[in-house]
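This is what each chain is made of:
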Amino acid sequence: MYHLAKGLYRLATSKEEYSVLLLGLDNAGKTTFHEQVKSIFSPDKPEPRLKTVPTVGQNVSTIVLPDMYLKLWDVGGQLSLRKLWQSYYASCHAIVFIIDSTDIGDGSLDHEDSSGRLEECRLVLEDVLQNSETEGVPLLILANKQDREDCVEVVRIKEGLVKRVFEGEKSGGIRDSRVLPVSALTGTGVQEAIDWVRSRVKWNKESRPPVMR
Ligand SMILES: Nc1nc2c(ncn2[C@@H]2O[C@H](COP(=O)(O)OP(=O)(O)OP(=O)(O)O)[C@@H](O)[C@H]2O)c(=O)[nH]1
Ligand SMILES: [Mg+2]
């Protein structure tokens, strides 16, 4: 009887848990975004800790939403650490790929503008999409640092980079995707980003079932 009651209690109180992997080049703003999300979704709304240092290893946190837990995995983006990303692919339910919109030249692969890290960004994104373990996983691309005057606008990033990657051979097949403007530093757009992830992981739950917690 006790075990039945315990089982029923567990069933009634358990929630789906989805894992979200934050990726992007070093300095893109992953940890800053992570800190904003933690702050916005904490019941006591603490000040976000925005003084970040380059991530070596991982920062993990779980936010509680009405209908699910979202577990965020913030990993290091430095070149030497990117080889570790693939060990997270099989168990993630969504990928948030963060781009520093102030460090991609004019944001378009069509021109010979070699300033910024646009080409590096393209190669890294293609590498993520091409991996068989990320197949079908919803992808949110965040054009970060939109608070800065020298940022490239989101439409340009969409047309000049993202569309080009998706039209190419290395797009890794069909998946749900979206490009959104954010400022991880000010928090603008962070709520919308999480809203998108939340709806997409649910849509995709047949392919990537959540863990019950
Ligand atoms: N102006 C502005 N600066 C930002 C924004 N997001 C991050 N930064 C700054 O960019 C720098 C790098 O931010 P991090 O969040 O540490 O970058 P990261 O992607 O976690 O870097 P790694 O851990 O090395 O992969 C810091 O100086 C942040 O303050 C933003 O939206 N606007
Ligand atoms: Mg970091």
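Residues numbered from 1 in each chain as written. Chains lettered and ligands numbered in written order. Predicted model: local features only at pLDDT ≥ 70, side-chain atom pairs only at ≥ 80, totals over all residues. Heavy atoms only, no water.

Chemist: Teacher, can you tell me more about the overall build of the protein here?
Modeler: When its secondary structure is counted, the protein shows 6 helices and 7 strands. In sequence order, the protein lays out its α and β elements as α-β-α-β-β-α-β-α-β-α-β-α-β. Against the 2.2 N^0.38 benchmark of 17 Å for 213 residues, the protein shows a C-alpha radius of gyration of 18 Å, consistent with a compact globule. Evaluated residue by residue, the protein yields a buried proportion of 48% over its 213 residues. Long-range contacts, defined here as pairs at least 24 residues apart, represent 76% of the contacts in the protein between residues at least 6 apart. Counting every atom, the protein has about 11400 Å² of accessible surface; 52% of that belongs to carbon and sulfur. Averaging the coordinates of the 28 positive side-chain charges in the protein and doing the same for the 31 negative ones gives two points 8 Å apart. (Helix = DSSP H or I, 4+ residues; strand = E, 2+ residues; numbered from the N terminus. Rg over C-alpha atoms; globule rule 2.2 N^0.38 Å. Buried < 20%, exposed > 50% of the residue type's maximum accessible area, 1.4 Å probe, protein only. Contact = heavy atoms within 4.5 Å. Areas by Shrake-Rupley, 256 points an atom, 1.4 Å probe, with all protein chains shown as cover. Lys, Arg positive; Asp, Glu negative; His and termini not counted. Charge placed at Lys NZ, Arg CZ, Asp CG, Glu CD.)

Chemist: When you look at the coordination of the magnesium ion (ligand 2) in this model, what are you seeing that I'm missing?
Modeler: As a benchmark, a tetrahedral metal site with four donors has ideal angles of 109.5 degrees, while an octahedral site with six donors has ideal angles of 90 or 180 degrees. Every protein donor of the magnesium ion (ligand 2) is listed here as T31 (OG1) and T55 (OG1), and their distances to the metal cover 2.0 Å. Taken together, the residues T31 in helix α2 (residues 30-40) and T55 in the loop between α2 and β2 (58-65) connect sequence positions 24 residues apart. (Donors = N, O, S within 2.8 Å, 3.2 Å for Na, K, Ca; no water.)

Chemist: What is the right way to read the packing of helix α4 (residues 118-130) against helix α5 (residues 154-167) from this model?
Modeler: If you want to describe how two helices pack, look at the angle between their axes and the distance between the axes. In the contact formed by α4 and α5, the axes pass within 11 Å of each other and the chain directions differ by 40°. Both α4 and α5 take part in a crossing whose hand is right-handed. Residues L118, R122, L125, E126 and L129 of α4 form the contact with α5, whose participating residues are L161, V165 and F166. The residue makeup of the contact of α4 with α5, split by class, is 6 nonpolar, no polar and 2 charged. (Axes fitted to C-alpha atoms, helices over the stretch in contact; angles between N-to-C directions. Left-handed = near helix turned anticlockwise from the far one by under 90°. Nonpolar A, V, L, I, M, F, W, Y, C, P; charged D, E, K, R; others polar.)

Chemist: When you look at the layout of surface pockets in this model, what are you seeing that I'm missing?
Modeler: One simple way to see leftover space: roll a probe sized like a water molecule over the atoms. The computed volume of the largest pocket comes to approximately 410 Å³. Lining the largest pocket are 22 residues, and of these N27, A28, G29, T32 and T52 lie nearest its centre. By residue number, the principal contributor to the lining of the largest pocket is α2, which donates 3 residues. Taken together, the residues of the lining of the largest pocket break down into 6 nonpolar, 11 polar and 5 charged. (1 Å grid on protein atoms, 1.4 Å probe; cavity = no way out; pocket = protein on both sides within 12 Å on 5 of 7 lines; lining within 4 Å. Points joined across faces, edges and corners; volume = space filled by probe spheres on them.)

Chemist: Where do I start with empty space enclosed by the protein in this structure?
Modeler: Applying the stated criterion across every chain, the model contains 1 cavity of 30 Å³ or more. Lining the largest cavity are L25, D26, N27, A28, I98, I99, D100, D103, I104, R117 and C121. Considering every element that reaches the lining of the largest cavity, the biggest residue donor is strand β4 (residues 94-100), with 3 residues. The class makeup of the residues in the lining of the largest cavity is 6 nonpolar, 1 polar and 4 charged.

Chemist: Would you mind going over the UniProt feature "binding site: Mg(2+)" (unreviewed entry) in the protein with me for this structure?
Modeler: Those residues carrying the UniProt feature "binding site: Mg(2+)" (unreviewed entry) are T31 and T55 in this numbering. On the basis of their most widely separated C-alpha atoms, the annotated residues across 25 residues gather in one place, lying no more than 7.6 Å apart. Considered against the largest pocket, the annotated residues that line it turn out to be T31 and T55. On the basis of relative accessible area, T31 is assigned to the buried category, the value being 14%. Residues contacting T31, with those up to four places away along its chain left out, are T52, T55, N59 and D74. (UniProt positions renumbered as here; feature names shortened; annotations may be inferred.)

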